[in-house]
Every structure is written in structure tokens, then in C-alpha cells.
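Now for the letters of each chain:
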Amino acid sequence: MIQARVTGKVWSTRRVTSLPRGALLEVETDSGSKLIAFDPLGCDTGETVLVTQGSVAAGYFQGETVPVDALIIGSIDDKK
Amino acid sequence: MIQARVTGKVWSTRRVTSLPRGALLEVETDSGSKLIAFDPLGCDTGETVLVTQGSVAAGYFQGETVPVDALIIGSIDDKK
Amino acid sequence: MIQARVTGKVWSTRRVTSLPRGALLEVETDSGSKLIAFDPLGCDTGETVLVTQGSVAAGYFQGETVPVDALIIGSIDDKK
Amino acid sequence: MIQARVTGKVWSTRRVTSLPRGALLEVETDSGSKLIAFDPLGCDTGETVLVTQGSVAAGYFQGETVPVDALIIGSIDDKK
Amino acid sequence: MIQARVTGKVWSTRRVTSLPRGALLEVETDSGSKLIAFDPLGCDTGETVLVTQGSVAAGYFQGETVPVDALIIGSIDDKK
């Protein structure tokens, strides 16, 4: 997984129908890489999150075949 | 997913038969990475799009086994 | 796989329920890339570990569908 | 997918038996990344091709489990 | 696939039980990226090899679910 910070939100009205409704957040890693991740947790801008990528992100939507390759799976509390 | 801008289109006449007919768009990220993505939405050059990658892109073509590893899944409206 | 050094630990209280309980370690490669990997072995900070990525990391959790895309699969003894 | 130019060919006599017989071409992207891709189309050095990567490349070999993670799926005609 | 040179070997005594017994080689690409790959072919340091990555690497171990995401699938003879 990667640790990233939520930097914004994107909207897409014209989209494939298999993309689930829900928040699409822009996240950025410490090294400056940017991704758009599906957010099932209701995270806010500025929050530090854990993002999983690839087919395991889509596996979260059990029973559906969704084209999601990046998913926020946790909000990071603290780091030691 | 990644956010990218459509910068062009490619054609491939000599191709494997399992590659579906449809537009193959060249897209570029803010950091300058280029990809060729399958476009089921009819996007135009200059449009900002959401691209999914890997096996979940191929999963969009349900019931078929297609060699597509990058798919445009939405046109991005706006960003806040 | 990649070889990396354990540099810390992260906690995530607010998380998706399918993320298994267990240690989430921050690891860093020689080239400076950072990842968060699930650790089933109880590794310590400073330890050099072997990390597998992608869907094979999730495959470790047989019978469950977990959103884990990075897994520590060994502690590296020595290198020749 | 990525667009790349064929820059050479590699031969491997000592190989795992599940690697199919066929051409293994070296390809290079505009940014200088190099890959070795399986070529079912008979492409020539200098040709610009479309390359798919990951498990969808292996999916091309239906009914067989092959260790191929990069496949040439088309020769690019032209670009606009 | 990527072409890489074998630069060393790693040992891991403390490991997950699903990691198969066999050589784990350190390989390096021309651009300096390093990976640890499982080697079923008995390659030597200095040898140039072909490495496949991701879930297709694990697919080599048919009937088993192994956490291997990089596999040496051939020794490269020569390059033209």
C-alpha cells in the first residue's frame, strides 16, 4: 500500500456505468505522485490515508466487476 | 486511477484479433507520462479523463478476454 | 519481490472492515521508495525484509478477499 | 497500453518450459524505458507497436498458463 | 518482461511457509532498478536473464498459491 495525503476531489458525470457512485479523491504521496482513489470512508482534504492499488482494489466490491484500481482502505492515525 | 489529458489518437490495422474495435487514445499525465488507453466514451483531444489500469481495465469487457490494460472510465468535470 | 528496510509502523483505526488486523509496516528500498506492507512475521524497525506486491500479496490470505497489495514474506538473513 | 519502438530481439535457449515459442522483442518507449515483449505479429526492428502488460498479456494465451507479462498487440499505423 | 543481470543471492530463513524453497536472486536492470526474483533455472551471478513480474510469476507454480511476484523465466543467449 502507499501512504498519501488527500489533496482534492474529482467529479465525473460522463462515466462508464460500472464505475460505482462514491467519492473519487485526489491523493498525493510524499514523493509527489498523484492518484485518484475511490473513497468508501468519507475522508477529508488534508487527511493522511492508506491506498491499495491494482486488482485487489476492485476486489473490495465483492460480487461486482468494477473498474477501480485504487482504493482508500484506511485513515492513518499516527506514525511511529 | 490516474488523471490525464487526451493528446491524440492511434490507429492499428495490424493487430491481434482479440483487441476490441474502438478508439485508442493517447493520454498524458501532469508529470508527463504517456499511455494509450481504450476509450468507450468518445472523448476528445484536450479532454481531462480518468484512466484505470491493469487487469481491472480488461474486466470492463465482461465475458470476453481482451488484452486491454488501460481504459478511460470517465471524463472529469471539474476539480475542487 | 523487492528488498527493503523497515522504517516504522502505521496505525489505522478508521479502516475498511476487510483489512485484516495485523501490523502495517513502513518499508523503504535502497532507492528511497516507500511502501506500507502487511507484516505476518513480526519484523522490527531496521530489519531488512522481502516484500511481494500486487494480487499475489492478497493471495496469501487464502479464502478471504483482502485489500492488501504489499506483504512481507521474509526477513533477509544475509546477502552474498 | 504503451507505445514503443522495436529495438531488437532476444533469444533464450535455457528457459522455463511454459514460456511459449515465439519472438521476444526488445522495445523502448519515448522516455527510454526498455521491455522485452512477446510478439505474435511478426514485427520488425524500427516498427512502432502497442504493448500491453501484466496479467492481461498472459490472458492472450487462452487455455494455457504462460509466464508472459508483456505482449505486442498491434503495430501502430499513424498518429494524429 | 525485463532483461536484467544477476548480481547476487539472498537467503531468508524466517519466512512465510507458502514461499517455495528455491533460489532468490538479486537482479539489476540496465537502468539500475533492483529486484529479487525466484530462480527455477539455476542461474549464476553475472548471467543476463529474462524476468516476468506480477501475478503471472505466481502462475508458474501451478496448483499452489505462492507469494512470488518476480520469476526468472529464461537465460538470455545473445542479443541482436
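Please refer to the structure higher up on the page.
Residues numbered from 1 in each chain as written. Chains lettered and ligands numbered in written order. Predicted model: local features only at pLDDT ≥ 70, side-chain atom pairs only at ≥ 80, totals over all residues. Heavy atoms only, no water.

As a further point, take the interface of chain D and chain E. On the chain E side, the residues contacting the 26 residues of chain D number 25 residues. Where chain D abuts chain E, roughly 2,000 Å² becomes buried across the two surfaces, and 55% of that area is made up of carbon and sulfur atoms. Between chain D and chain E we count one salt bridge in total. The shortest N-O distance in the salt bridge between Arg14 of chain D and Glu47 of chain E comes to 2.2 Å. Our enumeration of links across chain D and chain E arrives at twelve residue pairs in polar contact (both at pLDDT 80 or more). Elements that contribute at least two residues to the side of chain D that touches chain E include exactly strand S1 (2-11), strand S2 (23-28), strand S3 (34-39) and helix H1 (55-59) of chain D. Residues that form the side of chain D that touches chain E fall into these classes: 14 nonpolar, seven polar and five charged. (Contact = heavy atoms within 4.5 Å. Buried area = accessible area lost by both parts, 1.4 Å probe. Salt bridge = Lys/Arg side-chain N within 4 Å of Asp/Glu carboxyl O. Polar contact = N/O pair within 3.5 Å; in protein donor to acceptor, adjacent residues only side chain to side chain. Helix = DSSP H or I, 4+ residues; strand = E, 2+ residues; numbered from the N terminus. Nonpolar A, V, L, I, M, F, W, Y, C, P; charged D, E, K, R; others polar.)

Of the transformation superimposing chain D on chain E, the axial component is 0.0 Å and the angular component is 72°, with the fit at an RMSD of 0.0 Å. Overall, the copies show the geometry of a five-fold rotation axis. When the interface residues of chain D are mapped onto chain E, a mere 4% of them are again interface residues, pointing to distinct binding faces. (Least-squares fit on C-alpha atoms with pLDDT ≥ 70 in both.)

One finds no contact linking chain B with chain C; the least C-alpha distance across the pair is 10 Å. One finds no contact between chain B and chain E; the C-alpha atoms of the two approach each other to within 10 Å at their closest.

The next point concerns the pairing of strand S3 (residues 34-39) of chain B. All names here are of chain B. Of all six residues in S3, five are buried; the element is thus mostly enclosed. By the bridge criterion, six bridges tie strand S2 (residues 23-28) to S3 in an arrangement that is antiparallel. When the sheet's bridge partners are listed, Glu28 is paired in S3 with Lys34. Count of turn residues in the S2/S3 antiparallel hairpin: five residues, of which Gly32 carries a positive phi of about 95°. (Buried < 20%, exposed > 50% of the residue type's maximum accessible area, 1.4 Å probe, protein only. Pairing = 2+ DSSP bridges.)

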